[in-house]
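Residue-level structural notes
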Amino acid sequence: MNAQTENLTMAGPAGRLELAIDRPEGSSRGTAVIAHPHPLHGGTLTNKVVQTLARACVLAGWTAVRFNFRGVGASEGVYDEGRGELDDMLSVVRLQAADGPLCLAGFSFGAFVTSHAAARLQATRDIQRLVLVGTAASRFEVAPVGAELHTRTLVVHGEQDDTVPLTSVMDWARPQVLPVLVVPGGGHFFHGQLPLLRELVLRHLRA
């Protein structure tokens, strides 16, 4: 993302996982772990939306940890339909954010994985913020967000998303009475609207 980005690998459940870490100026308020879009459709830790999420986290004072799921980039292993990818994300949290305040964020397929990571971790970790963007609710079974996390959760979706229809996200959110922030005219990748997305996420992280 910038010259200060730290690139490294760590041991994961299916081999080495590739990471990119960006740190804020001064002390960090916690660690944000960010998940990328679908591995079989070009999703990587360098995705523009993922980088936008990382930038917002750093500006808000969080250490941002992006990672490539198994089989992507320098990460070893093969695609596992979300099951192994959840294990990947949990292992990154365990090794890179072992304690302290935690922010979980994801885009598209990554938001689906992030929802399950939050469900798995909420009983034992201080999840201060949850950010789900372009949540792939039409393609995967997204986990519900625990009621205690609702006020800490930001769900953002583009009005004209033709990859994941807004109606599918509303159908997922409605039974939970979980608010969804809709970006007028926004598509799945928020082309031309990434600065707006960054500001929306930054506002949530600073609240």
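Just above sits the structure.
What comes next concerns the included structure. (Residues numbered from 1 in each chain as written. Predicted model: local features only at pLDDT ≥ 70, side-chain atom pairs only at ≥ 80, totals over all residues. Heavy atoms only, no water.)

A closer look at the pairing of strand E2 (residues 15-22)
Relative to E2, strand E1 (residues 6-12) is paired through 7 bridges, and the arrangement is antiparallel. Following the sheet pairing, asparagine 7 is matched in E2 by alanine 20. When E2 meets strand E4 (residues 63-67), the two strands line up antiparallel, connected through 4 bridges. In the sheet register, leucine 19 faces E4, and the bridge partner there is phenylalanine 67. (Pairing = 2+ DSSP bridges. Helix = DSSP H or I, 4+ residues; strand = E, 2+ residues; numbered from the N terminus.)

Focus: helix H4 (residues 166-173)
When we look at burial in H4, the residues that qualify are Leu166, Ser168, Val169, Trp172 and Ala173. Within H4, the buried residues cover an arc of 160° as seen down the axis, which keeps them to one side. Buried-residue contacts for H4 involve strand E6 (127-133), strand E7 (153-158) and strand E8 (181-183). (Buried < 20%, exposed > 50% of the residue type's maximum accessible area, 1.4 Å probe, protein only. Arc of directions from axis to C-beta. Contact = heavy atoms within 4.5 Å.)

Some points on the packing of helix H1 (residues 48-59) against helix H5 (residues 194-206)
Close contact between H1 and H5 brings their axes to 9 Å; oriented N to C, the two are set at 40°. One element, H1, and the other, H5, form an angle in the oblique class. The element H1 and its partner H5 pack so that their crossing is right-handed. Every residue of H5 that contacts H1 at Lys48, Val49, Thr52, Leu53, Arg55, Ala56, Cys57 and Leu59 is listed here: Leu194, Leu197, Arg198, Val201, Leu202, Leu205 and Arg206. (Axes fitted to C-alpha atoms, helices over the stretch in contact; angles between N-to-C directions. Parallel < 35°, antiparallel > 145°, perpendicular 65-115°, else oblique. Left-handed = near helix turned anticlockwise from the far one by under 90°.)

What to know about the nonpolar core
Grouped together as the largest cluster of nonpolar side chains are 40 residues, with contacts concentrated most on Val33, Phe67, Met89, Val92, Leu102, Leu104 and Trp172. Residue assignment for this core shows that the elements contributing at least two residues are E2, strand E3 (31-35), E4, helix H2 (83-96), strand E5 (102-107), helix H3 (109-121), E6 and H4. Considering each element in turn, this core owes the most residues, 7 residues, to H3. The contacts of leucine 104, once residues within four sequence positions are left out, are Val33, Met89, Val93, Thr114, Ala117, Ala118, Leu121, Ile127, Arg129, Leu130 and Val131. Of all hydrophobic cores here, the second largest spans 27 residues; its members include Ala54, Cys57, Trp62 and Val131. (Core = buried A, V, L, I, M, F, W, Y, C linked by side-chain atoms within 4.5 Å.)

What to know about the environment of valine 145
Looking at the secondary structure, you find valine 145 in the loop between E6 and E7. Linking valine 145 and threonine 63, residues 82 residues apart in sequence, is a C-alpha distance of 23 Å. Those residues in contact with valine 145 that lie beyond four places of it in its chain are Leu130, Leu132, His150, Thr153, Trp172, Gln176 and Leu178.

Points about the packing of aromatic side chains
Counted by the stated rule, this structure contains 7 aromatic pairs. Here phenylalanine 107 and phenylalanine 189 contribute two aromatic rings whose centre-to-centre distance is 5.8 Å and whose plane-to-plane angle is 75°, an arrangement assigned as edge-to-face. Taken together, the residues span a long stretch of sequence, with phenylalanine 107 in strand E5 and phenylalanine 189 in the loop between E8 and H5 at a distance of 82 residues. On the basis of relative accessible area, phenylalanine 189 is assigned to the partly exposed category, the value being 38%. Through pairs of rings, three or more aromatic residues link up here, namely Phe67, Phe69, Tyr79, Phe109, Phe112 and Phe140. (Phe/Tyr/Trp six-rings, centres within 6.5 Å; stacked < 30°, edge-to-face > 60°.)

Focus: the pairing of E3
Here E3 lies mainly inside the structure; 5 of its 5 residues are buried. In this sheet, E4 lies alongside E3 in parallel orientation, the contact comprising 4 bridges. The residue bridging threonine 31 from the neighbouring strand is threonine 63, located in E4. Remark: the E3/H1/E4 crossover connection has right-handed handedness. The sheet contact formed by E3 and E5 spans 5 bridges and is parallel. (Right-handed = clockwise from strand over helix to strand, strands pointing away.)

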